[in-house]
Amino acid sequence: MAHTPEDEWLWGWDETPGIVSVWAEPDGRAFVWRRIPQSGSLVREDVRFRPWLLLASLEDLAHLGARLRPESEGPAPHRVTWQELEGPGALRYLVRAEDGRALASAVLQGASRRLGHSIGNLRELGAQAVLALPPEEQYLVASGRTYFRDLRFDDLRRMQLDLETTGLNPAHDRIFLVAIRDTDGRADTLEVHGDGDAAEADLLQRLVARVRAIDPDVLENHNLHGFDLPFLAHRARVLGVTLALGRAGIPGLRQRPAARGAAPGRGGPGHDAMRRARYTVPGREFIDTLDAVRRHDFSTRELPGHGLKAVARHLGLAGPEREHIPGARVHEVFGTDPERVRRYARDDVTEAAGLARMLGGAAFALARMAPRRYERLADAGPATGVIDPLLVRAYLRAGAALPTHEPGDGTPHSGAALHLFATGVARHVVKADVASLYPSLMRQYRIGPRRDRLGVMLALVDRLVEQRLAAKARAKAAAPGSPERHTNEALSAAMKIVVNSAYGYLGAGGLTRFADVHAANEVTRRGREVLAQICQELARRGVTLLEADTDGVYFSVPDGWGEADERRVVSEVAALLPPKVRLEFDGRYAAMLSHEPKNYALQPYDGALILRGVAFRSSRAEPFGEDFLRRALRCLLAGDIPGVRDIYVETVMALRRRALPTRSVAAQVRLTKTPEQYLAARRRELPYEAMLASGRKHWASGEQVRVYRAVGGRAGLLPESEAGENESDPRDYDADFYARQLRETFAARLVRALTPEDFAAVFADPEQPSLFAPSLADARPVLTVLDEPESEQPRSENPWMSPLPLGEG
DNA sequence: CCACCACGGGG
DNA sequence: GTGTACGTGGTGG
């Protein structure tokens, strides 16, 4: 197969198929596990590679004398070779040796002598002076190999495991059950036999034996890196059990530097043992579905939370028979009804497996491109984690010197445009947006990093955009649910991640090797220009603009227009734009409540209400308010204002009669202070007051409880009950407090939709009738077109995408 | 209104 | 590999 350099930049150049794991040691040994695509069998190749570094200068190696020689004279035992790369980059000497440790120590020795003090680590020399990749990446970059060539996601042998523990703190709590799901999808549990260290140690040994027997390529779970692995490592250490989970090398887990998105290591007692840790073993890849969930939600922003159960339910992965047990009660239930805990734990691993397949394909596909381990690509940020390795490999393949990180010249990074044209309720709403706006602008106007003199970034974006279209077409042609469709959808998702972060890479001044704030600003400037043109041209065609943000616009069309008319205006405007900037019809809705910039509710012509923005999707809102808001919005967007009034009255009266369960007003919180710490702090906080008021004098930091405001200003503690159990509900919440909250916090979000008079009438206290209550029969939701549209350049949500502030106004 | 603290995920 | 995250909500002064 003929490769162009550009193909090699994206996919590597070595066609070895089926690599499922790579492990390399600094001494130049590499182990490569491959699944033979035809038979599915596993082979291990032991190979040697020449460890390498990039240096800005050979000065620190001069002390080697004759042991330092040009690469052109060929490698020789105990010699360091060097090669000068061409072009202007600062990192211009490629130095190699048989053993990476000897190479590194030669550099460190020279640097220590030069600087007059001891240097222990190459990092201390700074990114300006040296580029030293982990051994696996040195191997992959140099060999042009990548993971998973010719493999489909479903050819991977994946296993899931999930610990059930007596609590969250491995210093005090124990593992009493482990659910596992094998590569054929069979879920099973392993359990302790008895109490004490010996029983738990025996469980861990059986777990290790099962993993070795099943011999998966990948181990998966939700929050694997934040909970299961650190917990397991801690218990194994305490109990003296060796975790021989790898396929080679010294048994035991190894740590790699904590990655972005690792468990947020919270200080305080009980959490130290669980602080940021990412474990790794030779031959298998640890994949955390929480990383995939975060990556997914970053673009869709539609998930209610990132917990396993919530995500599984939202994505339709949870079965109707799904067993639920509140976390704090799992161990206790195990004592009375162990079969229930087994079902629960098996459901957990089954959901984790489903989630891994549904959202994990992107990381799988990234591993076919970038020269890094699969597990590293699963939690990598796209800019430094994916694009930079691609650029490094491309430059080295071309024999070109690499630039290094440069601080910005002080130019601020300007952002996208955001315009709010109208607030309130609009009917017949259309959304149009530009597919991949920033990459399209980069391609259209050839905007790339100034120092990328080989043009690798734009070449990658060009190819990714084109090949993504091909992958989407292949996915569409394959049978729903088939491995081919899944693999191509995953490829498309991965390509989207890379393409969309190319702009973020440009703008991350000082953080990325080729960052170029001027280029990034040129992209956003063109973006604002395009968005303004789209708005102008739409308005000229008789629609009412509602909101425009970055790359998309919501507008309302006149009564009597049909979908064909809506599509026609979009394509008319699309035809006026530059060829690579494709404006698309993205959806149509019966009605929209425009509340504030980026905060709105959409009612599709059929289907469930869509809520966007913090005003409508507060994760911590009490259930009764959330429920009220959804029902009220549904009526409002149907134009039924008396219906909104009815729902309000009904909710207020239900609160006052205490017809709503306490659970619906309670908030779930975590206790982070011990009783001693709380009493010493002398600062009253509802959750702790609730504990004390209910007679609880002892609790552990980390315990989760549900609390609420009870009558008489007391703090109430809601006993953790299981689904269906209601007899313990005290129903002593402060109804007036929650009625006030209903009006001030939840009803307030409808303020833009009504005239002040109607708003007052709809949300008047049902038990204090006013002298003249206006009839709501003729009331209609209102839309207010702003004379001066609210416009700004918002900060991006993601610090990676746009790390700098508001800029020009 | 401001300062401060806690949340996210796992049992 | 990046970040004493980041954005937000609640509480007490």
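Our subject is the structure that appears above.
Residues numbered from 1 in each chain as written. Chains lettered and ligands numbered in written order. Predicted model: local features only at pLDDT ≥ 70, side-chain atom pairs only at ≥ 80, totals over all residues. Heavy atoms only, no water.

Chemist: I'm lost on the overall build of chain A in this one. Help?
Modeler: Scanning chain A from terminus to terminus reveals 23 helices and 25 strands. For 809 residues, the compact-globule formula gives about 28 Å, and the C-alpha radius of gyration of chain A, at 30 Å, lands near that figure. Its C-alpha atoms give chain A principal-axis dimensions of about 100 × 75 × 55 Å. Counting over 809 residues, chain A shows a buried share of 53%. For chain A, restricting intrachain contacts to residue pairs at least 6 apart in sequence, the fraction spanning at least 24 positions comes to 68%. For chain A, the exposed area adds up to about 35100 Å²; of that, 51% sits on carbon and sulfur atoms. Charge separation in chain A, taken as the distance between the mean sites of 109 positive and 109 negative side-chain charges, equals 3 Å. (Helix = DSSP H or I, 4+ residues; strand = E, 2+ residues; numbered from the N terminus. Rg over C-alpha atoms; globule rule 2.2 N^0.38 Å. Buried < 20%, exposed > 50% of the residue type's maximum accessible area, 1.4 Å probe, protein only. Contact = heavy atoms within 4.5 Å. Areas by Shrake-Rupley, 256 points an atom, 1.4 Å probe, with all protein chains shown as cover. Lys, Arg positive; Asp, Glu negative; His and termini not counted. Charge placed at Lys NZ, Arg CZ, Asp CG, Glu CD.)

Chemist: What is the right way to look at the packing of helix α12 (residues 382–397) against helix α14 (residues 456–477) in this model?
Modeler: If you want to describe how two helices pack, look at the angle between their axes and the distance between the axes. For the pair α12 and α14, interaxial distance at closest approach is 10 Å and the crossing angle is 115°. As α12 packs across α14, the resulting crossing turns out to be right-handed. Together, I387, L390, L391, A394 and Y395 of α12 and V456, M457 and L460 of α14 make up the contact between the two elements. Residue composition of the contact of α12 with α14, grouped by class: 8 nonpolar, no polar and no charged. (Axes fitted to C-alpha atoms, helices over the stretch in contact; angles between N-to-C directions. Left-handed = near helix turned anticlockwise from the far one by under 90°. Nonpolar A, V, L, I, M, F, W, Y, C, P; charged D, E, K, R; others polar.)

Chemist: Looking at this model, I keep getting lost on the sheet that holds strand β11 (residues 187–191). Mind explaining?
Modeler: Hydrogen bonding along the main chain pairs the strands of a sheet, whether they run parallel or antiparallel. Ordered by their spatial adjacency, 5 strands build an open sheet running β11-β10-β9-β12-β15, and the pairing between neighbours is mixed. Here the strands that pair on one side only, and so sit at the sheet edges, are β11 and β15 (285–288). Between one strand axis and the next, the sheet turns by 25° as a mean value, whatever way the strands run. Here strand β9 (residues 158–165) pairs with strand β12 (residues 218–221) via 3 bridges, running parallel. If you follow Q160 over to β12, its bridge partner there is E220. Sitting on the sheet, helix α5 (residues 224–239) touches β9, β10 (175–181), β12 and β15, and the angle it makes with β9 is about 70°. Across the sheet, helix α6 (residues 289–300) touches β12 and β15, and the angle it forms with β15 is around 50°. (Pairing = 2+ DSSP bridges.)

Chemist: Please explain the pairing of β15 as it appears in this structure.
Modeler: Regular strands place side chains that alternate from one sheet face to the opposite one. Of the two faces of β15, the one holding E285 and I287 and the one holding F286 and D288 are both buried throughout. Pairing analysis gives 4 bridges linking β12 to β15, with the strands arranged parallel. Bridging from a neighbouring strand, E220 pairs with I287 of β15.

Chemist: Help me understand the sheet that holds strand β3 (residues 42–48) in this model?
Modeler: If you trace the 3 strands from one edge of the open sheet to the other, you get β1-β2-β3, paired in antiparallel fashion. The open sheet is flanked by β1 (19–24) and β3, the only strands paired with a single partner. Averaged over all pairs of adjacent strands, the angle between strand axes in this sheet comes to 15°, irrespective of strand direction. The pairing of strand β2 (residues 29–35) with β3 spans 7 bridges and is antiparallel. By the bridge assignment, W33 is partnered in β3 with R44. Packed onto the sheet, helix α3 (residues 135–143) meets β1, β2 and β3 and runs at close to 120° relative to β1.

Chemist: In this structure, what is going on with the packing of aromatic side chains? I would like to understand it.
Modeler: Any two aromatic rings considered together are summarised by their centre-to-centre distance and by the angle between their planes. One pass over the full model with this rule turns up 20 aromatic pairs. When the centroid spacing of 5.0 Å and the interplanar angle of 90° are considered together, the rings of F737 and Y738 count as edge-to-face. By relative accessible area, which is 22% here, F737 ends up partly exposed. A network of ring pairs unites the aromatic residues Y147, F148, F153, F364 and Y374 as a single cluster. Across the ring face of Y733, the terminal group of R658 is positioned such that the distance to the ring centre comes to 5.8 Å. Over the face of the ring belonging to F737 we find R709, whose NZ or CZ atom lies 4.6 Å from the ring centre. (Phe/Tyr/Trp six-rings, centres within 6.5 Å; stacked < 30°, edge-to-face > 60°. Lys NZ or Arg CZ within 6 Å of the ring centre and 35° of its normal.)

Chemist: Would you explain the nonpolar core in this entry?
Modeler: Most often, soluble globular proteins have nonpolar side chains that are buried together. In this structure, Y374 and F555 are the most contacted members of the largest nonpolar core, which totals 105 residues. Excluding residues that lie within four positions of it along the chain, F555 makes contacts with H428, V429, V430, A432, L538, V543, T544, L545, L546, V569 and V570. Counting 44 residues, the second-largest nonpolar core is a separate cluster that includes L207, V211, F286 and V333. (Core = buried A, V, L, I, M, F, W, Y, C linked by side-chain atoms within 4.5 Å.)

Chemist: Would you explain the environment of L391 in this entry?
Modeler: Secondary-structure assignment places L391 in helix α12. What L391 contacts, discounting residues up to four positions off in sequence, is L402, V456, M457, L460, Y505 and F514.

Chemist: Is there a simple way to explain the pattern of salt bridges in this structure?
Modeler: Oppositely charged side chains may form a pair once their charged atoms are brought near each other. Throughout the structure, instances matching the rule amount to 73 salt bridges. A salt bridge links E137 to R372; the shortest N-O distance between them is 3.1 Å. A residue pair is termed long-range when its members are at least 10 positions apart, and E137 in helix α3 and R372 in the loop between α10 (361–366) and α11 (374–379) qualify at 235 residues. Comparing E137 with R372 shows no difference in burial state: the two are buried. E522 serves as the salt-bridge partner of R525, at 3.1 Å between the closest nitrogen and oxygen. Of this pair, R525 and E522 both sit in helix α16 (residues 517–540), 3 residues apart, which is roughly one turn of that helix. Classification of R525 by relative accessible area gives partly exposed; the value is 34%. (Salt bridge = Lys/Arg side-chain N within 4 Å of Asp/Glu carboxyl O.)

Chemist: I would appreciate a short explanation of the pairing of strand β19 (residues 583–596) in the present structure.
Modeler: Relative to β19, strand β16 (residues 418–434) is paired through 10 bridges, and the arrangement is antiparallel. Looking at the pairing, V434 lines up with L583 of β19. As judged from the 6 bridges shared by β19 and strand β20 (residues 599–604), these two strands associate in the antiparallel manner. By the bridge assignment, A591 is partnered in β20 with Q603. Hairpin connection between β19 and β20: a loop of 2 residues separates the two successive antiparallel strands, and K598 in this loop has a positive phi of roughly 65°.

Chemist: When you look at the environment of L224 in this model, what are you seeing that I'm missing?
Modeler: Within the secondary structure layout, L224 lies in helix α5. Taking the relative accessible area as the measure of exposure, L224 reaches 1% and is therefore buried. Between the C-alpha atom of L224 and that of L163, which follows or precedes it by 61 residues, the distance is 9.5 Å. In this structure L224 touches L219, L229, P230, F286, I287 and D288, once residues within four positions along its chain are discounted.

Chemist: Which parts of the structure should I look at to understand unusual backbone geometry?
Modeler: The bulk of non-glycine residues show a negative phi, and the bulk of peptide bonds are trans. With a phi angle near 65°, F148 is a residue other than glycine that sits in the positive phi range. Topologically, F148 is positioned in the loop between α3 and β9. Unusually for a residue other than glycine, R446 sits at a positive phi of about 50°.

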